[in-house]
Amino acid sequence: MDFKVADLSLADFGRKEIRLAEHEMPGLMSVRKEYAASQPLRGAKIMGSLHMTIQTAVLIETLVALGAEVRWVSCNIFSTQDHAAAAVVVGPNGTVDDPQGVPVFAWKGETLEEYWWCTEQALTWPDGDAPNMILDDGGDATLLVHKGAEYEKAGAVPPATAEDPEEWHVIIDLLTRTVGADKKWTRIAESIKGVTEETTTGVHRLYEMHKNGQLLFPAINVNDSVTKSKFDNKYGCRHSVIDGLNRATDVLIGGKVAVVCGYGDVGKGCADALRGQGARVIVTEIDPICALQAAMDGFQVTTLEEVVGIADIFVTCTGNFNIITAEHMAKMKHQAIVSNIGHFDNEIDMAGLSRTEGIVRNTIKPQVDEWVFADGHSIIVLAEGRLMNLGCATGHPSFVMSNSFTNQVIAQIELFAKTSEYPIGVYTLPKHLDEKVARLHLDALGVKLTELSKEQAAYIGVHVEGPYKSDHYRY
Ligand code: NAI
(Lines give C-alpha, C1' and ligand atoms only; values in the text may rest on other atoms or scores of the structure.)
Protein backbone atom coordinates (compact mmCIF):
# COMPACT_ATOMS: atom_id res chain seq x y z
CA MET A 1 0.00 0.00 0.00
CA ASP A 2 1.32 3.49 -0.84
CA PHE A 3 0.87 6.18 1.81
CA LYS A 4 2.74 9.03 3.50
CA VAL A 5 2.11 9.95 7.11
CA ALA A 6 4.31 11.37 9.90
CA ASP A 7 4.80 8.31 12.09
CA LEU A 8 3.08 4.95 11.79
CA SER A 9 3.98 4.05 15.38
CA LEU A 10 1.29 6.53 16.53
CA ALA A 11 -1.37 4.14 15.20
CA ASP A 12 -2.09 2.49 18.54
CA PHE A 13 -2.87 5.82 20.20
CA GLY A 14 -4.96 6.77 17.19
CA ARG A 15 -6.91 3.51 17.34
CA LYS A 16 -7.72 4.07 21.04
CA GLU A 17 -9.10 7.54 20.28
CA ILE A 18 -11.03 6.22 17.27
CA ARG A 19 -12.68 3.67 19.59
CA LEU A 20 -13.79 6.44 21.96
CA ALA A 21 -14.95 8.60 19.03
CA GLU A 22 -17.10 5.79 17.60
CA HIS A 23 -19.22 5.88 20.73
CA GLU A 24 -19.70 9.63 20.25
CA MET A 25 -20.67 9.26 16.58
CA PRO A 26 -24.02 7.43 16.71
CA GLY A 27 -25.09 8.63 13.26
CA LEU A 28 -22.11 7.10 11.51
CA MET A 29 -22.26 3.88 13.52
CA SER A 30 -25.94 3.40 12.81
CA VAL A 31 -25.37 3.99 9.06
CA ARG A 32 -22.71 1.26 9.23
CA LYS A 33 -25.30 -1.14 10.71
CA GLU A 34 -28.07 -0.12 8.32
CA TYR A 35 -25.96 -0.70 5.19
CA ALA A 36 -23.72 -3.57 6.37
CA ALA A 37 -25.54 -6.14 4.24
CA SER A 38 -26.40 -4.10 1.15
CA GLN A 39 -22.93 -2.53 0.71
CA PRO A 40 -24.16 0.47 -1.31
CA LEU A 41 -20.64 1.83 -1.88
CA ARG A 42 -19.23 -1.40 -3.37
CA GLY A 43 -17.32 -0.28 -6.48
CA ALA A 44 -16.97 3.30 -5.22
CA LYS A 45 -13.41 4.65 -5.38
CA ILE A 46 -13.60 7.67 -3.12
CA MET A 47 -10.86 10.30 -3.02
CA GLY A 48 -11.35 12.30 0.19
CA SER A 49 -9.85 15.72 0.92
CA LEU A 50 -10.96 16.64 4.43
CA HIS A 51 -9.08 17.41 7.69
CA MET A 52 -7.43 14.08 8.66
CA THR A 53 -8.64 13.97 12.27
CA ILE A 54 -9.91 11.22 14.57
CA GLN A 55 -13.50 12.06 13.56
CA THR A 56 -12.57 11.79 9.90
CA ALA A 57 -11.01 8.40 10.64
CA VAL A 58 -14.46 7.18 11.75
CA LEU A 59 -15.92 8.62 8.51
CA ILE A 60 -13.28 6.90 6.37
CA GLU A 61 -13.82 3.54 8.07
CA THR A 62 -17.58 3.94 7.63
CA LEU A 63 -17.11 4.45 3.86
CA VAL A 64 -14.92 1.33 3.79
CA ALA A 65 -17.49 -0.64 5.84
CA LEU A 66 -20.07 0.24 3.16
CA GLY A 67 -17.85 -1.24 0.43
CA ALA A 68 -15.80 1.74 -0.81
CA GLU A 69 -12.12 1.87 -1.73
CA VAL A 70 -10.73 5.10 -0.30
CA ARG A 71 -7.63 7.33 -0.59
CA TRP A 72 -7.34 10.38 1.66
CA VAL A 73 -5.63 13.74 2.22
CA SER A 74 -6.17 16.62 4.60
CA CYS A 75 -7.65 19.83 3.20
CA ASN A 76 -5.34 22.03 5.26
CA ILE A 77 -1.58 21.94 5.88
CA PHE A 78 -1.97 22.11 9.68
CA SER A 79 -5.14 20.12 10.40
CA THR A 80 -3.91 16.52 10.32
CA GLN A 81 -3.80 14.64 13.60
CA ASP A 82 -0.82 12.39 13.00
CA HIS A 83 -2.10 9.59 15.25
CA ALA A 84 -5.39 9.54 13.34
CA ALA A 85 -3.58 9.37 9.99
CA ALA A 86 -1.38 6.52 11.24
CA ALA A 87 -4.33 4.54 12.62
CA VAL A 88 -6.25 4.84 9.33
CA VAL A 89 -3.25 3.55 7.36
CA VAL A 90 -2.68 0.62 9.73
CA GLY A 91 -6.41 -0.10 9.84
CA PRO A 92 -8.40 -1.92 12.54
CA ASN A 93 -6.90 -5.30 11.59
CA GLY A 94 -3.38 -4.38 10.47
CA THR A 95 -0.12 -3.79 12.28
CA VAL A 96 2.59 -1.17 11.92
CA ASP A 97 4.65 -3.77 10.00
CA ASP A 98 1.69 -4.90 7.94
CA PRO A 99 -0.61 -1.92 7.37
CA GLN A 100 -3.99 -2.95 5.95
CA GLY A 101 -6.05 0.19 6.14
CA VAL A 102 -6.49 3.09 3.76
CA PRO A 103 -3.77 5.03 1.89
CA VAL A 104 -3.48 8.43 3.58
CA PHE A 105 -1.17 11.22 2.40
CA ALA A 106 -1.23 13.76 5.22
CA TRP A 107 0.81 15.04 8.14
CA LYS A 108 0.63 18.08 10.40
CA GLY A 109 2.77 20.91 9.03
CA GLU A 110 2.93 20.22 5.29
CA THR A 111 4.48 22.78 2.97
CA LEU A 112 2.20 24.04 0.19
CA GLU A 113 4.18 21.92 -2.32
CA GLU A 114 3.67 18.85 -0.13
CA TYR A 115 -0.03 19.65 0.34
CA TRP A 116 -0.72 19.71 -3.41
CA TRP A 117 1.52 16.68 -3.99
CA CYS A 118 -0.58 14.78 -1.41
CA THR A 119 -3.79 15.87 -3.18
CA GLU A 120 -2.42 14.56 -6.47
CA GLN A 121 -1.36 11.26 -4.85
CA ALA A 122 -4.80 10.62 -3.41
CA LEU A 123 -6.35 11.32 -6.83
CA THR A 124 -3.94 8.91 -8.51
CA TRP A 125 -5.39 5.43 -8.22
CA PRO A 126 -3.00 2.46 -8.50
CA ASP A 127 -2.59 0.71 -11.87
CA GLY A 128 -3.62 3.75 -13.89
CA ASP A 129 -7.15 3.52 -12.53
CA ALA A 130 -9.06 6.66 -11.45
CA PRO A 131 -11.33 7.57 -8.54
CA ASN A 132 -15.04 7.74 -9.32
CA MET A 133 -16.14 9.89 -6.35
CA ILE A 134 -14.69 12.90 -4.51
CA LEU A 135 -15.50 13.84 -0.93
CA ASP A 136 -14.25 17.40 -0.62
CA ASP A 137 -13.90 20.10 2.03
CA GLY A 138 -13.23 23.54 0.59
CA GLY A 139 -13.06 22.32 -2.99
CA ASP A 140 -9.30 21.92 -3.51
CA ALA A 141 -9.53 18.38 -4.95
CA THR A 142 -12.40 19.44 -7.20
CA LEU A 143 -10.40 22.50 -8.30
CA LEU A 144 -7.31 20.46 -9.20
CA VAL A 145 -9.30 18.00 -11.33
CA HIS A 146 -11.19 20.80 -13.09
CA LYS A 147 -8.09 22.90 -13.78
CA GLY A 148 -6.11 19.84 -14.97
CA ALA A 149 -8.90 18.83 -17.37
CA GLU A 150 -9.36 22.45 -18.55
CA TYR A 151 -5.67 22.87 -19.35
CA GLU A 152 -5.49 19.46 -21.03
CA LYS A 153 -8.35 20.53 -23.27
CA ALA A 154 -6.60 23.83 -24.02
CA GLY A 155 -3.32 21.97 -24.62
CA ALA A 156 -1.28 24.22 -22.29
CA VAL A 157 -0.99 25.45 -18.73
CA PRO A 158 -1.02 29.27 -18.49
CA PRO A 159 1.89 30.55 -16.38
CA ALA A 160 1.15 32.15 -13.01
CA THR A 161 1.73 35.88 -12.82
CA ALA A 162 3.40 38.00 -10.14
CA GLU A 163 -0.04 39.10 -8.88
CA ASP A 164 -1.16 35.51 -8.25
CA PRO A 165 -0.93 34.24 -4.67
CA GLU A 166 1.98 31.95 -3.77
CA GLU A 167 -0.36 28.94 -3.62
CA TRP A 168 -1.47 29.43 -7.22
CA HIS A 169 2.20 29.24 -8.31
CA VAL A 170 2.44 25.87 -6.54
CA ILE A 171 -0.71 24.58 -8.28
CA ILE A 172 0.49 25.80 -11.68
CA ASP A 173 3.88 24.10 -11.11
CA LEU A 174 2.14 20.82 -10.30
CA LEU A 175 -0.17 21.04 -13.31
CA THR A 176 2.70 22.00 -15.63
CA ARG A 177 4.39 18.74 -14.61
CA THR A 178 1.29 16.54 -14.82
CA VAL A 179 -0.94 17.93 -17.57
CA GLY A 180 0.05 15.86 -20.51
CA ALA A 181 -0.30 13.40 -23.27
CA ASP A 182 -1.85 10.64 -21.16
CA LYS A 183 -4.72 13.03 -20.30
CA LYS A 184 -4.51 12.06 -16.64
CA TRP A 185 -6.80 14.86 -15.43
CA THR A 186 -9.32 14.41 -18.24
CA ARG A 187 -9.54 10.70 -17.41
CA ILE A 188 -10.10 11.47 -13.73
CA ALA A 189 -12.72 14.14 -14.53
CA GLU A 190 -14.55 11.73 -16.82
CA SER A 191 -14.58 8.92 -14.29
CA ILE A 192 -15.91 11.05 -11.40
CA LYS A 193 -19.63 10.43 -10.85
CA GLY A 194 -19.89 13.27 -8.37
CA VAL A 195 -18.52 15.23 -5.45
CA THR A 196 -19.99 15.81 -2.01
CA GLU A 197 -18.80 19.12 -0.52
CA GLU A 198 -18.46 19.75 3.18
CA THR A 199 -18.10 23.50 3.72
CA THR A 200 -19.52 26.95 2.92
CA THR A 201 -16.43 28.05 0.99
CA GLY A 202 -16.33 24.90 -1.19
CA VAL A 203 -20.05 25.19 -1.85
CA HIS A 204 -19.59 28.81 -3.06
CA ARG A 205 -16.95 27.57 -5.49
CA LEU A 206 -19.30 24.85 -6.82
CA TYR A 207 -22.22 27.22 -7.45
CA GLU A 208 -19.82 29.64 -9.21
CA MET A 209 -18.48 26.87 -11.46
CA HIS A 210 -21.98 25.68 -12.27
CA LYS A 211 -23.14 29.23 -13.03
CA ASN A 212 -20.20 29.66 -15.41
CA GLY A 213 -20.92 26.34 -17.14
CA GLN A 214 -17.61 24.87 -15.92
CA LEU A 215 -18.81 22.13 -13.56
CA LEU A 216 -17.85 18.73 -14.97
CA PHE A 217 -19.83 16.44 -12.63
CA PRO A 218 -22.78 16.71 -10.21
CA ALA A 219 -22.27 17.86 -6.65
CA ILE A 220 -24.13 17.52 -3.38
CA ASN A 221 -23.88 20.52 -1.11
CA VAL A 222 -23.57 18.81 2.27
CA ASN A 223 -22.91 22.11 4.05
CA ASP A 224 -26.49 23.28 3.60
CA SER A 225 -28.07 20.25 5.15
CA VAL A 226 -29.57 21.79 8.28
CA THR A 227 -27.92 19.10 10.37
CA LYS A 228 -24.55 20.27 9.00
CA SER A 229 -24.30 24.07 8.87
CA LYS A 230 -26.66 24.78 11.76
CA PHE A 231 -24.74 22.33 13.96
CA ASP A 232 -21.10 21.87 12.87
CA ASN A 233 -20.54 25.49 11.80
CA LYS A 234 -22.33 26.88 14.85
CA TYR A 235 -22.04 24.48 17.80
CA GLY A 236 -18.78 22.98 16.50
CA CYS A 237 -17.11 26.40 16.35
CA ARG A 238 -18.71 27.35 19.68
CA HIS A 239 -16.59 24.54 21.13
CA SER A 240 -13.42 24.68 19.08
CA VAL A 241 -12.81 28.43 18.87
CA ILE A 242 -12.13 28.51 22.60
CA ASP A 243 -10.06 25.32 22.35
CA GLY A 244 -7.89 26.97 19.67
CA LEU A 245 -7.37 30.14 21.73
CA ASN A 246 -6.60 28.21 24.90
CA ARG A 247 -4.16 25.73 23.43
CA ALA A 248 -2.38 28.44 21.46
CA THR A 249 -2.15 31.18 24.10
CA ASP A 250 -3.96 30.20 27.32
CA VAL A 251 -4.84 33.87 27.68
CA LEU A 252 -7.74 34.60 30.03
CA ILE A 253 -10.71 35.42 27.82
CA GLY A 254 -13.01 36.84 30.52
CA GLY A 255 -13.09 40.65 30.50
CA LYS A 256 -11.24 40.94 27.20
CA VAL A 257 -12.68 42.67 24.15
CA ALA A 258 -13.16 40.15 21.34
CA VAL A 259 -14.08 41.06 17.76
CA VAL A 260 -15.92 38.48 15.66
CA CYS A 261 -15.91 39.35 11.95
CA GLY A 262 -18.96 37.82 10.25
CA TYR A 263 -22.16 36.73 12.00
CA GLY A 264 -23.11 33.75 9.85
CA ASP A 265 -23.31 30.23 11.30
CA VAL A 266 -19.64 30.14 12.32
CA GLY A 267 -19.67 33.70 13.67
CA LYS A 268 -22.78 32.98 15.76
CA GLY A 269 -21.05 30.02 17.40
CA CYS A 270 -17.83 31.96 18.02
CA ALA A 271 -19.55 35.06 19.43
CA ASP A 272 -21.65 32.91 21.76
CA ALA A 273 -18.60 31.01 23.04
CA LEU A 274 -16.52 34.13 23.63
CA ARG A 275 -19.41 35.76 25.52
CA GLY A 276 -19.74 32.53 27.52
CA GLN A 277 -16.14 33.00 28.64
CA GLY A 278 -16.92 36.54 29.80
CA ALA A 279 -15.45 38.43 26.86
CA ARG A 280 -17.07 41.67 25.71
CA VAL A 281 -17.87 40.69 22.15
CA ILE A 282 -18.14 43.07 19.20
CA VAL A 283 -19.40 41.87 15.81
CA THR A 284 -18.67 43.22 12.31
CA GLU A 285 -21.04 42.41 9.43
CA ILE A 286 -21.83 43.55 5.89
CA ASP A 287 -25.27 41.92 5.74
CA PRO A 288 -28.03 43.97 7.43
CA ILE A 289 -29.94 40.81 8.40
CA CYS A 290 -26.99 39.22 10.19
CA ALA A 291 -26.04 42.61 11.69
CA LEU A 292 -29.56 42.95 13.10
CA GLN A 293 -29.43 39.39 14.43
CA ALA A 294 -26.15 40.17 16.20
CA ALA A 295 -27.56 43.39 17.66
CA MET A 296 -30.69 41.62 18.91
CA ASP A 297 -28.55 38.83 20.36
CA GLY A 298 -27.02 41.59 22.46
CA PHE A 299 -23.73 42.27 20.67
CA GLN A 300 -22.33 45.66 19.73
CA VAL A 301 -22.08 45.80 15.94
CA THR A 302 -19.64 48.20 14.39
CA THR A 303 -16.81 48.39 11.89
CA LEU A 304 -13.37 46.94 12.42
CA GLU A 305 -11.82 50.39 11.95
CA GLU A 306 -13.78 51.65 15.00
CA VAL A 307 -12.46 49.00 17.39
CA VAL A 308 -9.20 47.78 15.94
CA GLY A 309 -7.18 49.68 18.54
CA ILE A 310 -9.10 48.53 21.62
CA ALA A 311 -9.72 44.80 21.07
CA ASP A 312 -7.66 41.99 22.55
CA ILE A 313 -8.85 39.06 20.41
CA PHE A 314 -9.89 38.97 16.74
CA VAL A 315 -11.57 36.01 15.02
CA THR A 316 -12.51 36.16 11.32
CA CYS A 317 -15.48 33.99 10.30
CA THR A 318 -16.50 35.39 6.91
CA GLY A 319 -15.27 33.05 4.16
CA ASN A 320 -14.31 36.34 2.48
CA PHE A 321 -10.81 37.75 1.92
CA ASN A 322 -8.79 40.71 3.21
CA ILE A 323 -10.96 41.12 6.32
CA ILE A 324 -8.02 42.03 8.56
CA THR A 325 -5.41 43.97 6.58
CA ALA A 326 -1.79 44.70 7.42
CA GLU A 327 -2.81 48.29 8.21
CA HIS A 328 -5.39 47.00 10.73
CA MET A 329 -2.77 44.81 12.39
CA ALA A 330 -0.31 47.68 12.69
CA LYS A 331 -2.92 49.61 14.71
CA MET A 332 -3.73 46.81 17.15
CA LYS A 333 -2.93 46.73 20.88
CA HIS A 334 0.28 45.14 22.08
CA GLN A 335 -0.13 41.33 22.03
CA ALA A 336 -3.57 41.40 20.48
CA ILE A 337 -4.45 37.88 19.26
CA VAL A 338 -5.34 37.64 15.57
CA SER A 339 -6.99 34.50 14.27
CA ASN A 340 -9.14 33.12 11.49
CA ILE A 341 -11.62 30.25 11.70
CA GLY A 342 -12.90 30.58 8.10
CA HIS A 343 -11.76 28.05 5.52
CA PHE A 344 -8.91 29.87 3.73
CA ASP A 345 -6.01 31.88 5.13
CA ASN A 346 -6.67 34.96 3.00
CA GLU A 347 -9.16 36.41 5.54
CA ILE A 348 -6.07 37.87 7.22
CA ASP A 349 -3.54 39.60 4.95
CA MET A 350 -0.51 37.56 6.02
CA ALA A 351 1.44 38.45 2.87
CA GLY A 352 0.93 42.17 3.60
CA LEU A 353 1.91 41.68 7.25
CA SER A 354 5.17 39.96 6.31
CA ARG A 355 6.01 42.85 3.93
CA THR A 356 5.46 45.52 6.63
CA GLU A 357 8.62 47.57 7.02
CA GLY A 358 10.75 46.53 9.96
CA ILE A 359 8.48 43.64 11.01
CA VAL A 360 10.07 40.64 12.76
CA ARG A 361 8.45 37.21 13.11
CA ASN A 362 9.17 35.47 16.36
CA THR A 363 7.83 31.91 16.51
CA ILE A 364 6.66 31.10 20.03
CA LYS A 365 5.74 27.49 19.16
CA PRO A 366 4.32 25.75 16.09
CA GLN A 367 1.26 27.65 14.85
CA VAL A 368 1.79 30.57 17.26
CA ASP A 369 3.81 33.55 15.97
CA GLU A 370 4.48 36.89 17.55
CA TRP A 371 4.92 39.59 14.88
CA VAL A 372 6.91 42.53 16.27
CA PHE A 373 6.45 45.89 14.55
CA ALA A 374 9.27 48.42 14.13
CA ASP A 375 7.89 50.49 17.05
CA GLY A 376 8.31 47.49 19.39
CA HIS A 377 4.66 46.53 19.84
CA SER A 378 3.56 43.09 18.67
CA ILE A 379 0.55 40.95 17.77
CA ILE A 380 0.09 37.20 18.11
CA VAL A 381 -1.09 35.40 14.96
CA LEU A 382 -2.51 31.90 15.24
CA ALA A 383 -1.91 29.12 12.70
CA GLU A 384 -0.33 31.54 10.20
CA GLY A 385 -3.84 32.85 9.50
CA ARG A 386 -5.25 29.40 8.69
CA LEU A 387 -8.25 27.96 10.50
CA MET A 388 -7.18 28.20 14.12
CA ASN A 389 -9.50 25.58 15.58
CA LEU A 390 -7.86 22.87 13.47
CA GLY A 391 -4.40 24.43 13.34
CA CYS A 392 -3.99 25.13 17.06
CA ALA A 393 -6.43 22.56 18.49
CA THR A 394 -8.21 19.44 17.28
CA GLY A 395 -11.22 20.93 15.49
CA HIS A 396 -14.78 20.01 16.31
CA PRO A 397 -15.63 17.18 18.68
CA SER A 398 -16.96 13.82 17.51
CA PHE A 399 -20.65 14.24 18.32
CA VAL A 400 -21.17 17.28 16.10
CA MET A 401 -19.03 15.79 13.32
CA SER A 402 -21.22 12.69 13.42
CA ASN A 403 -24.04 14.90 12.10
CA SER A 404 -21.91 16.37 9.31
CA PHE A 405 -20.37 13.06 8.30
CA THR A 406 -23.63 11.10 8.35
CA ASN A 407 -24.80 13.63 5.74
CA GLN A 408 -21.57 13.01 3.83
CA VAL A 409 -22.08 9.23 3.77
CA ILE A 410 -25.72 9.57 2.70
CA ALA A 411 -24.68 12.04 -0.02
CA GLN A 412 -21.96 9.69 -1.29
CA ILE A 413 -24.51 6.84 -1.49
CA GLU A 414 -26.99 9.11 -3.32
CA LEU A 415 -24.52 10.22 -6.00
CA PHE A 416 -22.83 6.86 -6.41
CA ALA A 417 -25.91 4.63 -6.41
CA LYS A 418 -28.35 6.97 -8.17
CA THR A 419 -26.01 8.76 -10.58
CA SER A 420 -28.60 9.04 -13.35
CA GLU A 421 -30.95 10.97 -11.06
CA TYR A 422 -28.36 13.74 -10.70
CA PRO A 423 -27.51 15.53 -13.96
CA ILE A 424 -24.66 18.06 -13.62
CA GLY A 425 -25.72 20.59 -11.00
CA VAL A 426 -25.43 21.32 -7.29
CA TYR A 427 -28.00 19.62 -5.02
CA THR A 428 -28.86 19.49 -1.34
CA LEU A 429 -30.15 16.35 0.36
CA PRO A 430 -33.92 16.08 0.76
CA LYS A 431 -35.37 17.14 4.09
CA HIS A 432 -36.43 13.66 5.15
CA LEU A 433 -32.74 12.62 5.11
CA ASP A 434 -31.79 15.74 7.09
CA GLU A 435 -34.42 14.81 9.68
CA LYS A 436 -33.12 11.23 9.68
CA VAL A 437 -29.61 12.47 10.55
CA ALA A 438 -30.98 14.49 13.47
CA ARG A 439 -33.10 11.56 14.63
CA LEU A 440 -30.04 9.31 14.77
CA HIS A 441 -28.48 11.64 17.36
CA LEU A 442 -31.41 12.06 19.76
CA ASP A 443 -31.14 8.90 21.85
CA ALA A 444 -27.54 9.62 22.81
CA LEU A 445 -28.65 12.91 24.36
CA GLY A 446 -31.69 11.41 26.07
CA VAL A 447 -34.08 13.43 23.92
CA LYS A 448 -37.70 12.32 23.99
CA LEU A 449 -39.51 13.46 20.87
CA THR A 450 -43.21 14.32 20.95
CA GLU A 451 -45.21 12.42 18.33
CA LEU A 452 -47.76 14.18 16.20
CA SER A 453 -51.27 12.77 16.26
CA LYS A 454 -52.82 12.09 12.84
CA GLU A 455 -55.19 14.98 13.42
CA GLN A 456 -52.38 17.36 14.35
CA ALA A 457 -50.36 16.29 11.31
CA ALA A 458 -53.35 16.94 9.06
CA TYR A 459 -53.95 20.31 10.75
CA ILE A 460 -50.42 21.59 10.00
CA GLY A 461 -50.29 19.80 6.63
CA VAL A 462 -47.47 17.30 7.18
CA HIS A 463 -47.14 13.53 7.46
CA VAL A 464 -46.90 11.98 10.93
CA GLU A 465 -43.47 10.60 9.98
CA GLY A 466 -42.24 13.92 8.46
CA PRO A 467 -40.82 15.92 6.78
CA TYR A 468 -42.07 18.49 9.29
CA LYS A 469 -41.03 21.69 7.57
CA SER A 470 -41.23 23.17 4.10
CA ASP A 471 -37.99 23.58 2.14
CA HIS A 472 -37.98 27.33 2.73
CA TYR A 473 -38.12 27.01 6.53
CA ARG A 474 -34.92 28.51 7.95
CA TYR A 475 -34.52 26.99 11.44
P1 NAI B 1 -21.88 32.27 6.37
O2 NAI B 1 -22.04 32.67 4.95
O3 NAI B 1 -23.03 31.72 7.14
O4 NAI B 1 -21.29 33.49 7.23
C5 NAI B 1 -20.31 34.37 6.80
C6 NAI B 1 -20.74 35.77 7.22
O7 NAI B 1 -19.68 36.69 6.97
C8 NAI B 1 -21.96 36.26 6.44
O9 NAI B 1 -23.01 36.62 7.32
C10 NAI B 1 -21.43 37.47 5.66
O11 NAI B 1 -22.41 38.48 5.51
C12 NAI B 1 -20.27 37.91 6.53
N13 NAI B 1 -19.25 38.69 5.82
C14 NAI B 1 -18.81 38.59 4.54
N15 NAI B 1 -17.89 39.52 4.27
C16 NAI B 1 -17.72 40.25 5.40
C17 NAI B 1 -16.91 41.36 5.76
N18 NAI B 1 -16.10 41.93 4.86
N19 NAI B 1 -16.97 41.82 7.02
C20 NAI B 1 -17.82 41.26 7.93
N21 NAI B 1 -18.64 40.22 7.65
C22 NAI B 1 -18.59 39.72 6.41
O23 NAI B 1 -20.68 31.22 6.37
P24 NAI B 1 -20.30 30.22 7.57
O25 NAI B 1 -20.99 28.93 7.37
O26 NAI B 1 -20.44 30.94 8.85
O27 NAI B 1 -18.77 29.93 7.22
C28 NAI B 1 -17.78 30.95 7.33
C29 NAI B 1 -16.41 30.35 6.94
O30 NAI B 1 -16.06 29.34 7.90
C31 NAI B 1 -16.39 29.63 5.59
O32 NAI B 1 -15.12 29.84 5.01
C33 NAI B 1 -16.56 28.17 5.96
O34 NAI B 1 -16.08 27.32 4.95
C35 NAI B 1 -15.75 28.11 7.23
N36 NAI B 1 -16.06 27.05 8.17
C37 NAI B 1 -15.04 26.73 9.04
C38 NAI B 1 -15.23 25.76 10.00
C39 NAI B 1 -14.12 25.42 10.93
O40 NAI B 1 -14.21 24.42 11.64
N41 NAI B 1 -13.06 26.17 10.99
C42 NAI B 1 -16.51 25.03 10.14
C43 NAI B 1 -17.52 25.48 9.20
C44 NAI B 1 -17.29 26.46 8.27
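Notes on the structure in this doc start here. These numbers come from a predicted model, not from an experiment.

Right, let's talk about unusual backbone geometry for a bit. The omega torsion across G466 and P467 is -10 degrees, close enough to zero to call that bond cis. Relative to the elements of secondary structure, P467 occurs in the segment after α19 (454-460). One non-glycine residue with positive phi stands out, namely Q335, at about 65 degrees. By secondary structure assignment, the location of Q335 is in the loop between α14 (326-330) and β11 (336-340). A relative accessible area of 43% places Q335 in the partly exposed class. Here the phi dihedral of Q367 falls at roughly 70 degrees; this positive angle occurs in a residue that is not glycine. The residue Q367 is located in the loop between β12 (360-365) and β13 (368-372) in this model. For Q367, a relative accessible area of 12% translates into the label buried.

What follows covers the nonpolar core. Ranked by internal contacts, the top residues of the largest apolar core, which has 70 residues, are W185, C270, L274 and I341. When sequence neighbours within four positions are dropped, the list of residues in contact with I341 reads C237, V241, V266, C270, V315, T316, C317, L387, M388 and N389. Counting 51 residues, the second-largest nonpolar core is a separate cluster that includes L50, A86, A87 and V400.

Below, the discussion takes up helix α6 (residues 140-154). A rise of 1.5 Å per residue sets the reference length of α6, with its 15 residues, at 21 Å; its end C-alpha atoms lie 21 Å apart and thus fit the reference within 8%. Within α6, eleven of the 15 residues are buried, leaving the element largely enclosed by the surrounding structure. For α6, the set of buried residues is D140, A141, T142, L143, L144, V145, H146, G148, A149, Y151 and E152. Positive backbone phi, approximately 85 degrees, marks G155, located one or two places after α6.

An order of β9-β8-β7-β10-β11-β14-β13-β12 is seen for the eight strands of this open sheet, with the pairing classed as mixed. Looking at which strands have only one partner, the edges of the open sheet turn out to be β9 (300-301) and β12. Relative to strand β10 (residues 313-316), strand β7 (residues 257-261) runs parallel, the two being bridged by four bridges. For A258, the partnering residue across the bridge sits in β10 and is I313.

How each quantity is defined
Residues numbered from 1 in each chain as written. Predicted model: local features only at pLDDT ≥ 70, side-chain atom pairs only at ≥ 80, totals over all residues. Heavy atoms only, no water. Helix = DSSP H or I, 4+ residues; strand = E, 2+ residues; numbered from the N terminus. Buried < 20%, exposed > 50% of the residue type's maximum accessible area, 1.4 Å probe, protein only. Core = buried A, V, L, I, M, F, W, Y, C linked by side-chain atoms within 4.5 Å. Contact = heavy atoms within 4.5 Å. Expected span 1.5 Å × (residues − 1). Pairing = 2+ DSSP bridges.

Function cannot be inferred from these measures alone, as they are strictly geometric.
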